[in-house]
Every structure is written in C-alpha cells, then in structure tokens.
Amino acid sequence: MPRKAPKGKYKLKTHRATAKRFKVTGSGKLMRTKGGKGHLRRNTSKRSKALFSKGVEVKTKGIMKRIKRLAPYLRRHKLNPSS
C-alpha cells in the first residue's frame, strides 16, 4: 500500500515548557509568569507574595521572536481553542 503524499507545510513541534510559561491575551499581548513562587516564601511579605500572582508583559523583541519560534501555535490555539 503506497503512502499518501503530504499536503502543504510540515507541522512544527511546540516546546512544551515555553507553552506552559507564556500566555497570549485577547488583545494579543504576550504575558509571562513571575519567578520565585516555588518555595522559601515564608519570610516574604504578604504584599510581595500578592504581587507574584500578576503576570508581566513581554516587551523585548528578541525574546518575543524566540518564544514565537519555540511555540508557533501559541496564539492560534489561544484565540481558537476548538481547532
């Protein structure tokens, strides 16, 4: 039985660690989570711990380019989760 010829472009693999660390907002901004949330937070003030829950926008062009290369479908699946 002969194989089917591939149609169109190749699928790219998503770097899963990047996809879990970054999110795309509805307006298209790329948001990242803050570090320092894992452990050793007992000595941190409540205000500092509360600030950990907020995300930070990625503004650097080079980092945005790298994230887009590592997770090419990040924006597409965020805007259209069904497909």
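Okay, so let's go over this structure. (Residues numbered from 1 in each chain as written. Predicted model: local features only at pLDDT ≥ 70, side-chain atom pairs only at ≥ 80, totals over all residues. Heavy atoms only, no water.)

1. Concerning the overall build of the protein chain
Right, on to step 1. Within the protein chain, the secondary structure is distributed over four helices and three strands.
Right, on to step 2. Listed by position from the N terminus, the elements making up the protein chain come as α-β-β-α-β-α-α.
Right, on to step 3. Over its C-alpha trace the protein chain gives a radius of gyration of 18 Å, far above what one expects of a compact globule, namely 12 Å for 83 residues.
Right, on to step 4. Taken along the three principal axes of its C-alpha coordinates, the protein chain extends 65 × 30 × 25 Å.
Right, on to step 5. For the protein chain, long-range pairs separated by at least 24 residues make up 58% of all intrachain contacts whose partners lie at least 6 apart in sequence.
Right, on to step 6. Working note: accessible area of the protein chain is about 7900 Å², and carbon and sulfur atoms make up 55% of it. (Helix = DSSP H or I, 4+ residues; strand = E, 2+ residues; numbered from the N terminus. Rg over C-alpha atoms; globule rule 2.2 N^0.38 Å. Contact = heavy atoms within 4.5 Å. Areas by Shrake-Rupley, 256 points an atom, 1.4 Å probe, with all protein chains shown as cover.)

2. Observations regarding unusual backbone geometry
Right, on to step 1. The phi angle at Leu40 is positive, at roughly 60°, despite the residue not being glycine.
Right, on to step 2. The exposed category is assigned to Leu40, whose relative accessible area is 70%. (Buried < 20%, exposed > 50% of the residue type's maximum accessible area, 1.4 Å probe, protein only.)

3. Concerning the nonpolar core
For soluble globular proteins, the rule of thumb is that nonpolar side chains tend to be buried together.
Right, on to step 1. In terms of nonpolar packing, the biggest core is built from eight residues, these being Ala19, Phe22, Val24, Leu30, Val58, Ile67, Ala71 and Leu74.
Right, on to step 2. Those residues in contact with Ile67 that lie beyond four places of it in its chain are Thr18, Phe22, Leu30, Val58 and Leu74. (Core = buried A, V, L, I, M, F, W, Y, C linked by side-chain atoms within 4.5 Å.)

4. Topic: the sheet that holds strand E2 (residues 30–32)
Right, on to step 1. Ordered by their spatial adjacency, three strands build an open sheet running E1-E2-E3, and the pairing between neighbours is antiparallel. The open sheet terminates on both sides in strands that have one partner only, identified here as strand E1 (22–24) and strand E3 (56–57).
Right, on to step 2. Two strands pair when backbone bridges link them, and E1 and E2 are joined in this way by three bridges, in the antiparallel orientation. Its bridge partner being in E2, Val24 is matched across the sheet by Leu30. (Pairing = 2+ DSSP bridges.)

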